Amino acid sequence: MTEKGRALSQIAFWGAVELGLVYAFVAVGVFLAFRVLDFPDLTVDGSFPLGAAVTAVLIIAGVNPWLAAAVAMVAGAAAGIVTALLNVRFRILNLLASILTMIALFSVNLRVMGKPNVALINADTMLSPFYGLSLRDFYVRPLFVGILVLAAVLAVWRFLESDAGLAMRATGANARMARAQGVDTSRQIYLGMAISNALVALGGALFAQTNGFADVTSGVGTIVVGLAAVIIGETLFGARGILIALAGCVLGSILYRIAIQLALSTDVLGLQASDLNFVTAALVTVALVLPRLRRGGAA
Amino acid sequence: MISVKNIKVVFGKGTPLQKQALNGVTLTIEEGSFVTVIGSNGAGKSTLLGVLAGDVLPSEGEVTIGHTDVTRKGTPARAGLVARVFQDPLAGSCGALSIEENLALAARRGESRGLTPALGAKRREHFRARIAELNLGLENRLGDRMDLLSGGQRQAVSLVMATLAGSEVLLLDEHTAALDPGMAEFVMNLTQKIVTERKLTTMMVTHSMRQALDYGHRTIMLHGGEIVLDVAGDSRKTLEVEDLIAMFRRIRGQTLDDDALLIG
């Protein structure tokens, strides 16, 4: 343990926690799409950088960073609605519909930013008022993002346990039954995809504000990271109600980042930053296989 | 009250597999009446039920439920008028949700759904009381996932779900066909009790001629998308399963003869 502790400096550790919390929004969004609605949605690879791009451009234009983040959420919701439209209205296979939106968003994001990368150096962000207080910066960021994550998780939890949220869960679990109960399943898909991608875009907006830049390529693999978080959470907590599942998403996202950070910073393994995607794939595979092995061992 | 007028349904129109599933069915079921529907496979029973539920929109004709013309309304839009129990115990409820969540879902059938917590203390109490009436001990398992229940238990809960919110008509789609004989009897007795107590206008599709004659006020036989038998009152009371089988054979024989003519 001590060796690992040394391998990971305090700044690197809290940096991983912060990134994990930023991507917790992605994890919760992915949970809504994949688990609640049973809609395999790859739009997130586009809506994450969309959120970052919209926020960055607006902040540079002098817009209040909170408002910029809110607009980013609206943009993300719109992206989700486009995917839902392609699927529900035009009957395109859900996975394919989301790939189409994702591809289109790459161009949209370039248009929004006007260039592949926008820096937010010296610009005021949501976090600016909290820097320079008694706490050091690398504590402030995860704390700030953590509070927002907590608020989002509580809101989504409350929603999923309401009448409206139950209708959404039924849509994903048994659409035929949901319709027989008077649930307009098409509308639920629109709503669910909008909420999911709004959360992912908020993650993108916070990514831009905590890291100080928006990059058009930052969306690549977002879906895998989100799924990794969801699956790690499920592996650790199992299926025990909505709140536990949401908490699992958040914790899964943080643990994923710490695991990646550990893998990359331990010289013994000889890994470098470019091995990230391979490590991710390996981690997700382990998370998927582990429960099966455990069950096999018990039987 | 249910009223269907000259309903025609064609599946796969314009293809080699074109099938006239319903061919001008006209039927009125009075308020509070319990009608049983029989017929061989492909006779149009399920299609007729689908037309009432909204799953199948007819190419011709009119459907009225209560006093509302629902001919062009899809399933969700008319769910407030129609309660339904499916043949497949897995189809009528969400296995991934808990028993009480399924009940909460059904309690707001056909109504708007807001941000009110789905399982408030008051609702829970109400659900517990309704489930306790089943005498299956499920009232202590309301938090269990629905897919932990047996098929019969799920159908029993589905029946309760069908009556949590008001409706003009109850549709039963061979809802005991997938159950073992003991459980099928339990669910049928429960059906009888609920329908009588609540004076529900009910249409039950069944494969069992015994069931068709033992329950309800009126029996309809479908064949080739048309109503070929419609008995109620005294003439139905004297009817035996053997009589029905004889009629079934006669109708089937006729079609066989027709086929023979066609081939000849």
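Every chain begins its residue count from 1, and numbering advances along the sequence as written. Here the convention is simple: chains get letters from A, ligands get numbers from 1, in the order in which they are written. Predicted model: local features are reported for residues with pLDDT of at least 70 only, side-chain atom pairs are reported and counted for 80 or more only, and whole-chain, interface and lining totals are derived from all residues.

Caption draft 1: Fine view of the overall build of chain B. Summing up its helical and strand segments, chain B has 9 helices and 10 strands in all. Expressed as lengths along the three principal axes of its C-alpha atoms, the size of chain B is roughly 70 × 40 × 35 Å. Runs of H or I in DSSP of at least four residues are treated as helices and runs of E of at least two as strands, each being numbered from the N terminus.

Caption draft 2: Structural detail: the overall build of chain A. Secondary structure summary: chain A contains 12 helices and 2 strands in total. Starting at the N terminus and ending at the C terminus, chain A contains elements arranged as α-α-α-α-α-β-α-α-α-α-β-α-α-α. Atoms considered for the radius of gyration are the C-alpha atoms alone. The globule rule reads 2.2 Å times the number of residues to the power 0.38. In summary, chain A has a C-alpha radius of gyration of 19 Å against a globular reference of 19 Å for 299 residues, a match within 12%. Once the C-alpha set of chain A is aligned to its principal axes, its extents read approximately 60 × 55 × 35 Å. A buried classification covers 51% of the 299 residues belonging to chain A. Note that contacts rest on C-beta atoms placed from the backbone: two residues are in contact if these are within 7 Å. When contacts within chain A are restricted to residue pairs at least 6 apart in sequence, long-range pairs at least 24 apart make up 79% of them. Exposure classes come from backbone-placed C-beta atoms, where a residue is buried if 20 or more other C-beta atoms lie within 10 Å of its own, exposed if 12 or fewer do, and partly exposed in between.

Caption draft 3: Highlighting the interface of chain B and chain A. Counting residues at the interface gives 24 residues for chain B and 19 residues for chain A. Of all the secondary structure elements, the ones that give two or more residues to the side of chain B that touches chain A are α2 (75-78) and α3 (99-107) of chain B. It is α3(B) that contributes the most residues to the side of chain B that touches chain A, 4 residues altogether. Polar here means any residue outside two lists: the nonpolar Ala, Val, Leu, Ile, Met, Phe, Trp, Tyr, Cys and Pro, and the charged Asp, Glu, Lys and Arg; Gly therefore counts as polar. The residue inventory of the side of chain B that touches chain A, partitioned by class, reads 12 nonpolar, 7 polar and 5 charged.

Caption draft 4: A look at the nonpolar core. Among the nonpolar cores identified, the biggest contains 165 residues, and Ala27(A) and Leu52(B) are the most heavily contacted of them. Broken down by element, this core gets its largest block of residues, 16 residues, from helix α2 (residues 10-36) of chain A. Not counting the four nearest positions on each side in its chain, Leu52(B) is found in contact with Ile2(B), Val63(B), Val82(B), Val169(B), Leu171(B) and Met203(B). Here, a nonpolar core denotes buried Ala, Val, Leu, Ile, Met, Phe, Trp, Tyr and Cys residues that are linked to one another through C-beta atoms within 7 Å.

Caption draft 5: Expanded view of the sheet that holds strand β2 (residues 19-29) of chain B. All names here are of chain B. Any two strands with at least two DSSP-identified bridges between them are counted as paired. What the 4 strands build is an open sheet, ordered β2-β1-β4-β5; its pairing is antiparallel. This sheet does not close on itself; its edge strands, each paired only once, are β2 and β5 (68-69). Pairing geometry for strand β4 (residues 60-65) and β5, over 2 bridges, is antiparallel. Across the sheet, the residue bridging to Thr64 is Asp69, located in β5.

Caption draft 6: Representation of the pairing of strand β9 (residues 218-223) of chain B. Residues and elements named next belong to chain B. Extensive coverage of β9 is indicated by the burial of 5 of its 6 residues. In the sheet, strand β3 (residues 34-38) pairs with β9 via 4 bridges, with the strands oriented parallel. Opposite Ile38, over in β9, you have Met221 as the bridge partner. Note that β9 and strand β10 (residues 226-232) share 6 bridges and pair antiparallel. Among the inter-strand pairings, Leu222 is bridged to a residue of β10, identified as Ile227.

Caption draft 7: A look at helix α5 (residues 151-164) of chain B. All names here are of chain B. Multiplying 1.5 Å by the helix residue count minus one yields the expected span of that helix. Between its first and last C-alpha atoms α5 spans 20 Å; for 14 residues at 1.5 Å apiece the expected length is 20 Å, and the two agree. By the burial criterion, the buried members of α5 are Gly152, Gln153, Arg154, Gln155, Ala156, Val157, Ser158, Leu159, Val160, Met161, Ala162 and Leu164. Considering only its buried residues, α5 is in contact with β6 (82-85), α3, α4 (121-132), β7 (169-173) and α6 (181-198).

Caption draft 8: Broad picture of α2(A). Here α2(A) contains 27 residues, and its C-alpha end-to-end distance of 36 Å stays within 8% of the 39 Å for a straight helix at 1.5 Å per residue. Backbone geometry just downstream of α2(A) places Asp38(A) in the positive-phi region, at approximately 60°.

Caption draft 9: Region of the structure containing the sheet that holds β6(B). Residue and element names in this part refer to chain B. Read across the open sheet, the 6 strands follow the order β6-β7-β8-β3-β9-β10; overall the sheet is mixed. This sheet does not close on itself; its edge strands, each paired only once, are β6 and β10. Between one strand and the next, the sheet's axes are offset by a mean angle of 20°, whatever the strand orientation. Helix axes use the C-alpha atoms of the stretch in contact, all axes being lines fitted to C-alpha atoms, and the angles between their N-to-C directions lie in the range 0 to 180 degrees.

Caption draft 10: Inspection of the confidence of the model for chain A at higher detail. Residues and elements named next belong to chain A. You can read pLDDT as the predictor saying how much it trusts each residue, on a scale of 0 to 100. Chain-level statistics for chain A give a pLDDT mean of 91 and a share of 95% at 70 or above. Element-level mean pLDDT values for chain A span from 49 in helix α1 (residues 2-7) up to 98 in helix α4 (residues 65-88). Of the regions scoring below 50 in pLDDT, residues 1-5 engages in 1 contact with residues more than four places distant in sequence or in other chains.

Caption draft 11: Expanded view of the packing of α3(B) against α5(B). All names here are of chain B. Contact geometry of α3 with α5 gives a least axis separation of 7 Å together with a crossing angle of 30°. Here α3 is positioned roughly parallel relative to α5, judged by the angle of their axes. For the pair α3 and α5, the sense of crossing is right-handed. Each of Ile99, Asn102, Leu103, Ala106 and Ala107 in α3 lies in contact with α5, whose residues at this interface are Val157, Met161 and Leu164. Per-class residue counts for the contact of α3 with α5 are 7 nonpolar, 1 polar and no charged. Working rule for angles: under 35 degrees goes down as roughly parallel, over 145 as roughly antiparallel, 65 to 115 as roughly perpendicular, anything else as oblique. Rotating anticlockwise by less than a right angle from the far helix to the near helix defines a left-handed crossing, while the corresponding clockwise rotation defines a right-handed one.

Caption draft 12: Spatial organisation of unusual backbone geometry. In the Ramachandran plot, Asn122(A) falls in the positive-phi region, its phi being about 65° despite a non-glycine side chain. Tracing the chain through its elements places Asn122(A) in the loop between β1 (117-119) and α6 (137-160). Overall, Asn122(A) belongs to the exposed group, with 7 C-beta atoms counted inside 10 Å. Phi at Asn135(B) is positive, roughly 60°, even though this residue is not glycine. With respect to the secondary-structure elements, Asn135(B) resides in the loop between α4 and α5.

Caption draft 13: Spatial organisation of the packing of α2(A) against helix α10 (residues 222-237) of chain A. Residues and elements named next belong to chain A. Two numbers describe how α2 lies on α10: the axes approach to 8 Å, and their chain directions differ by 80°. In terms of orientation, α2 lies roughly perpendicular with respect to α10. Between α2 and α10, the residues in contact are Tyr23, Val26, Ala27, Gly29, Val30, Phe31, Phe34 and Arg35 and Thr222, Ile223, Val225, Gly226, Leu227, Ala229 and Val230, respectively.

Caption draft 14: Main features of the environment of Leu213(B). All names here are of chain B. Note that Leu213 resides in helix α7 (residues 209-214). According to the C-beta neighbour criterion, Leu213 is buried, with 20 such atoms within 10 Å. Dropping the residues within four chain positions of it, Leu213 is found in contact with Thr219, Leu239 and Val241.

Caption draft 15: Representation of the environment of Ala12(A). All names here are of chain A. You can see Ala12 is positioned in helix α2. According to the C-beta neighbour criterion, Ala12 is partly exposed, with 16 such atoms within 10 Å. Measuring from C-alpha to C-alpha, the distance between Ala12 and Leu127 comes to 19 Å, with 115 residues separating the pair along the chain. With residues near it in sequence (within four places) discarded, Ala12 still touches Gln261 and Ser265.

Caption draft 16: Local environment of the confidence of the model for chain B. All names here are of chain B. Here chain B averages 90 in pLDDT, and 96% of its residues register 70 or above. Under a pLDDT of 50 for its full length, residues 259-264 has, in the predicted model, 0 contacts with residues more than four places off or in other chains. Under the prediction, the complex receives an ipTM of 0.88, its pTM being 0.90.

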